[in-house]
Structure formats: structure tokens, C-alpha cells
Amino acid sequence: MYEVIWHGRGGQGVVIAAQILAESAYLQGFKGVTSAPTFGPERRGAPLTASTRISDHPIRTFAQIEKADIAVVLDPSLFGIVNILGTLKPQGLLLINSPQKAEEFEIEGSLDIATLDAAAVAIRFHLLKEGAPMVNTPMLGVFAKASGLVSLEHMEKGLKWKLSGGAAATNIAALRAAYEESSIRKTGK
Amino acid sequence: MSDVQIMTGNQAAAHGVKLCKVQVISAYPITPSTPVTETISQWVERGELKAEYVRVESEHSVMTVCVAASTVGARTFTSTSSHGLLYMCEQLHWAAGSRLPIVLACVNRGVGAPWSIFNDQQDSISQRDTGWIQIYCRDNQEILDSLIQAYRIAEQVYCPVMVCYDGFVLSHTMMPVEIPDADRVGEFLPPYKPHTILSPEDPRNINPVIFPWQRRDAEGVLRDGYMDMRWKLQHALEGSRDVIVEVGREFAERFGRDHGGMLWNYKADDAEVLLVGMGSLATEATMAADLLRESGIRAGVVGIRVYRPFPRAEVREAFQKIPAIVVFEKDISYGYEGALCADIKAALYGTGIQTPLHNYIAGLGGRDVKANELAEAVRASLASIAGGNREQQTWLNCVTE
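Residues numbered from 1 in each chain as written. Chains lettered and ligands numbered in written order. Predicted model: local features only at pLDDT ≥ 70, side-chain atom pairs only at ≥ 80, totals over all residues. Heavy atoms only, no water.

1. Considerations on the sheet that holds strand β2 (residues 32–37) of chain A
Residue and element names in this part refer to chain A.
Argument step 1. Spatially, β2-β3-β1-β4-β5-β6-β9 is the arrangement adopted by the seven strands of the open sheet, whose pairing is mixed. At either margin of the open sheet sits one strand with a lone partner, and together these are β2 and β9 (183–185). Pairs of neighbouring strands in the sheet enclose a mean axial angle of 15°, with direction left out of account.
Argument step 2. In this structure, strand β4 (residues 68–73) lies alongside strand β5 (residues 88–97), joined through five bridges in parallel fashion. For isoleucine 70, the partnering residue across the bridge sits in β5 and is leucine 93.
Argument step 3. Sheet contacts for helix α1 (residues 14–28): β1 (2–9), β2 and β3 (47–55); angle to β3, the most-contacted strand, approximately 5°. (Pairing = 2+ DSSP bridges. Helix = DSSP H or I, 4+ residues; strand = E, 2+ residues; numbered from the N terminus. Axes fitted to C-alpha atoms, helices over the stretch in contact; angles between N-to-C directions. Contact = heavy atoms within 4.5 Å.)

2. A look at the domain arrangement of chain B
All names here are of chain B.
Argument step 1. Considered domain by domain, chain B is made up of domain 1 (3–188) and domain 2 (264–395).
Argument step 2. Inter-centroid distance (C-alpha atoms) of domain 1 to domain 2 is 28 Å.
Argument step 3. Domain 1 puts 22 residues into the contact, and the matching count from domain 2 is 22 residues.
Argument step 4. Of the roughly 1,800 Å² buried between domain 1 and domain 2 on both sides combined, carbon and sulfur atoms contribute 50%.
Argument step 5. Considering only the side of domain 1, the residues that lose the most area to domain 2 are Gln122, Arg128 and Arg138, jointly responsible for 32% of the buried surface there.
Argument step 6. Along the contact surface separating domain 1 from domain 2 lie two salt bridges.
Argument step 7. Put simply, domain 1 and domain 2 have 14 residue pairs in polar contact (both at pLDDT 80 or more) between them.
Argument step 8. Elements with a contribution of two residues or more to the side of domain 1 that touches domain 2: α6 (122–125), β6 (133–136) and α7 (140–157).
Argument step 9. Here the element with the most residues in the side of domain 1 that touches domain 2 is β6; it accounts for four residues.
Argument step 10. Its residues placed into classes, the side of domain 1 that touches domain 2 shows nine nonpolar, seven polar and six charged. (Domains from an automatic or database assignment. Buried area = accessible area lost by both parts, 1.4 Å probe. Salt bridge = Lys/Arg side-chain N within 4 Å of Asp/Glu carboxyl O. Polar contact = N/O pair within 3.5 Å; in protein donor to acceptor, adjacent residues only side chain to side chain. Nonpolar A, V, L, I, M, F, W, Y, C, P; charged D, E, K, R; others polar.)

3. Some points on the packing of α1 of chain A against helix α4 (residues 152–162) of chain A
Residue and element names in this part refer to chain A.
Argument step 1. One can describe the packing of α1 onto α4 by two numbers: an axis separation of 8 Å at closest approach and a directional angle of 120°. In the crossing of α1 with α4, the sense of the turn from one axis to the other is right-handed. Within the contact between the two elements, α1 uses Gln19, Ile20, Leu21, Glu23, Ser24, Tyr26, Leu27 and Gln28 and α4 uses His154, Met155, Lys157, Gly158, Leu159, Trp161 and Lys162.
Argument step 2. In terms of residue class, the contact of α1 with α4 is made up of seven nonpolar, five polar and three charged. (Left-handed = near helix turned anticlockwise from the far one by under 90°.)

4. Quick notes on helix α3 (residues 59–71) of chain B
Residues and elements named next belong to chain B.
Argument step 1. Taking 1.5 Å of rise per residue, the 13 residues of α3 would be expected to cover 18 Å, and the 18 Å separating its terminal C-alpha atoms lies within 8% of that figure.
Argument step 2. Counting buried residues in α3 gives 10 out of 13 residues, a clear majority hidden from the surface.
Argument step 3. Taken as a whole, α3 has its buried residues at Glu59, Ser61, Val62, Met63, Val65, Cys66, Val67, Ala69, Ser70 and Thr71.
Argument step 4. Where α3 is buried, its residues contact β2 (24–27), β3 (52–55), β4 (76–80), α4 (82–87), α5 (89–97) and β5 (103–108).
Argument step 5. The residue sitting at the N-terminus of α3 and contributing the capping side-chain oxygen is serine 58; that oxygen lies 3.3 Å from the backbone nitrogen of histidine 60.
Argument step 6. Note on α3: the residue one or two positions beyond its end, glycine 73, has a positive phi of about 100°. (Expected span 1.5 Å × (residues − 1). Buried < 20%, exposed > 50% of the residue type's maximum accessible area, 1.4 Å probe, protein only.)

5. Digging into the nonpolar core
A general trend in soluble globular proteins is that nonpolar side chains are found buried together.
Argument step 1. One finds Ile40, Phe77, Ile133, Phe319 and Ile344 of chain B to be the most contacted residues of the largest nonpolar core, which totals 95 residues.
Argument step 2. Each of domain 1 (3–188) and domain 2 (264–395) of chain B accounts for three or more of the residues forming this core.
Argument step 3. Other than its neighbours up to four places away in sequence, isoleucine 133 of chain B contacts Ile153, Val157, Cys159, Pro160, Val161, Met162, Leu237, Ser240, Ile244, Val306, Arg308 and Pro309 of chain B.
Argument step 4. Membership of the second largest hydrophobic core comes to 46 residues, among which are Leu159, Ile172 and Ala174 of chain A together with Ile6 of chain B. (Core = buried A, V, L, I, M, F, W, Y, C linked by side-chain atoms within 4.5 Å.)

Next comes the structure, spelled out in C-alpha cells:
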């Protein structure tokens, strides 16, 4: 079972991203997928998490994720506010929306890191909501590239399943660009 | 063709209601149940579900509407949580006393004070003695399937059914759910044809003040007194066990999914200790059983699916040969012990089964419960039982000083 934790802020599409990943993984053939928001009230702009579990077998745990295999950060300003690394296994994979290249990112330990200027990609493809770039779809592209767990092809299917025609086409274009432009640093552990 | 979608427990409940072609829905929103009737109201608005959606000012009125609609022969539904359910309390008794096959989805949530929107099962457990059948679901597929089964059961035994599932833990967690074919559901659940319908063509006086003793009515027929009617309700609930099991069996034959009748087992056959629970906590317990088995302890799980009527015979059967029982539950009967624990002990009385039984109160007000914590609790209990401690109540992950 793979556990994924999503860090973002209310209104960034964190919960939707966790859902699309679950759906894409299911379409790829994983029999067990769950996605859940942080249980409780949600507030726009406030830090929040969502989670996705992916497994070959139906999932029988609904407890909060203690240490994820993969953490996705939609808003890099959260690093100073939330203990993001505390939610990730020491050898885990960290995906960050950041203009910095993965090599430039200074994080201790033996994490694999992938970055993408997801906001720039979102703006380029006009993925905007109330004026703000929607970085969730581009981060799914980073996820496909860096994790190898769910393929780009199935992410596209997941987006088509979730979104209507026009929106799906735009999001898929952004997803592909994000996949290509992701910067990845493997520690070779 | 199978139609699998990734959906929340609340969406699964809404789909179940739609497939049952429910005719009257009344609801008052309350977290975490709100999305159930929100979804249904959209379907009604768009004409996708031909039903009356009745908005009222409180949950008390919700259940009153359900009682009225059911009395005139409509298949009715509502969903609620926590304080909403408790606000209905008086009408819950009324629905059961009137022997109306109303189905209610109770999205389990803790009860104030202090306020909590998070999950435990104190709300529905506290309504245990209202005369409703209570089913507890372990995942989102079981929510959808149990709602369909609930109408079959309710309309056969003339008792209302509460389909309970854990708030947020299931209600807001998405997972794959197969939506059965509507026509096949229609074959399984034909339209509701009550034996009595209140209508202007056939006016009746229903539920008047009733006397303690039997009495002749205006036609000279000897009618039940209050207590005779109460016995019939008790008799109906006791008798509903066979119907619940049979409906579950027929559902499994038709749709290929067997959720168990009154209870279900997981790796129980060779077990040396059985973990017991209801709802998502029992699902988590199956993970704990796997962890325990990895460390050489042969653990199994008994999931209590139907809490009322209580599975007396099945519990006796399940625990006949087991050396140790550990009951986990998200409720407390204040001043005594967990309600499920007490009921299990009562069921075992007089059978000669003298198994040590430990009780863990867990996850109240949404406190997270992890499989490894359940496994650790079982290890501690087994050590304690080996030391001669046959009975114990522990509050899991709780400051108790």
C-alpha cells in the first residue's frame, strides 16, 4: 500500500487532486484506492491536508496517515508553517510546487525530490480560479513523472473521468507540460 | 454491466436511495450527513428522482414528515447525525410504535457538550431502545447495499431501519463503489405495498390514546392495549433476524456481494483471540488482526453488523470456543461499560461460555484509531488475561488520570 499526503491551502484544489489521483490509480488497475480530506471544517487559505491510499487490494484502513510514502506540497510557503517532512517517511518522495529546481532545494536527509513551477504552468494554460493559478493538475503531472506509480496515460483518463470536455482538454495539456518540465533529484539510495 | 465509481459514503447512501425509488425525502442539514440529502435534492430538482423533497425547520419535523408520508403509503427516507438524530428522538419512538418502514441513514457523530462534529457512535447507540433496527456498515459499498436491503427488511417486518456509518471516516472518504443496475434493484425491491394506507377514501383514526387494557372498538372488535402492541413490536424485531439474514443471502445471490447477515467473521476459524467491533472500527480491526498474525498471534475479527435486533445466537456461536475476546467500540454507556460489550456479555450468560472479555472505548469525538494501536491493545490484554485479569475496561489513547 502506498500512502500519499497532500499539503495545500483551502481553495487550492487539494481535495480534488487527492481524488483524481485515486481515480487514476483505480483506472490503472489498483483495486484499493481511497482519498479523504482532513476530517472537519475547511477554510479558504488555511493550511490543510488530504490523503490518497493506493493498493493492489481493497483498503481496510481509514486512520490518518502517520508517515506517507509521498508528500505533495501545493504551496511552498507551508514549509515554514507545517511540519511537512514530519509527515513523510525518511526515504520518501517529496513533490513541491516551486520555481526552484530540485537540485537547488535544500532539504536534509535522503528524500527524493521533484519540483515544478506549477503556478507558471497553470497560468500558461489558463487554469485559474478567482484569479489564482490552480496548481493541483500540474502537480499530478509531477506525481506521474517522479513516482512512476500512476502513469501519465492514466492520469489523463482520471482527469477525463472527473472533468467535462473543455476543462478536461485544458487540464490534460497542462498535465503533459508539467510531466515534461518536472525537475527530479534522486538520492540514489 | 458493472458501474464502479470512486465515491464518498454519503454519495453511496444517496445512490442507494435513488435506486430504491424513494418517494418522499425530508431532511434538515447537519454535518457530516448533509451531502446525502444535498445530493438527493439535486436529483429531485433535476427530475432524475421522482420524489417529494420536503424541507422543514428541524429534525423533529423531519421525522414527523417521514411518519406522515409513510402512513399514506410512501417509501420514505431521511439522513441525519448526532444532535439531529437526538432531536428526532421522540419521533423515532413514534415511527417504530406506528410500525412504519422508514429508512434513516445515521452518519455517526459524537454528541455535545462540548460540540464535536467528529465521529463516534454515541448518537445511534443512545437511540438503541427506540424500536429501530440498526445496521452498522464497514465500508461505502456496504452503505449502498445495506440501504437497498434496509427497505426490503423494513417493508417486510414493518419496522423502521437505521443504516449507520461513521461520519467523515466513511462519509467523506472516497473509495470504489459499484452501483448496481437499477432494473435489477427493482426486481429485488418491488414497489412498497403497505397492508394499510391512510387515505380520504378510507379514513381511520390512527394512534389515539390507548388504554392499559384491551378494549372493543366501535365495531365491537377486541383491540390490543398498549402493552400488547409493545409486545408485537418486540416480537417483530426478534423475528426480523431471519428476514435480515434471508435478505442478505438473496442480495448476495443477485448482486454477488455478501456483507454478512447479523455479523461477519474475519480469520476467526483458528483464532486464539477475537477482536469485536462495529462499523469502520471493525474494518480497522481486520488490519490489526493481520498485524497480530504477522507477530505469531492468531487473531480474528467478529464484526457486529446488526446491533438491534442483537445477534444473540450468532454471538454465542462465534465465541463458543475462543479463549479471549477484546471488544472495541466508539460509545460508552456512562456509569457502566461500552454498550456492545455489555450486550455481548449478556448474550453469553447461561451458555457456560466463561471467556475473559476486555473492553476498549476508542475513537470518541473523532480521535484517530490506528490498526497498530488496536493490535497493541490486544497484546496488552492477552498479557493481562494470562495474569488472571478476566475483565477490564480501558480508554484507548486517553488521558485517564
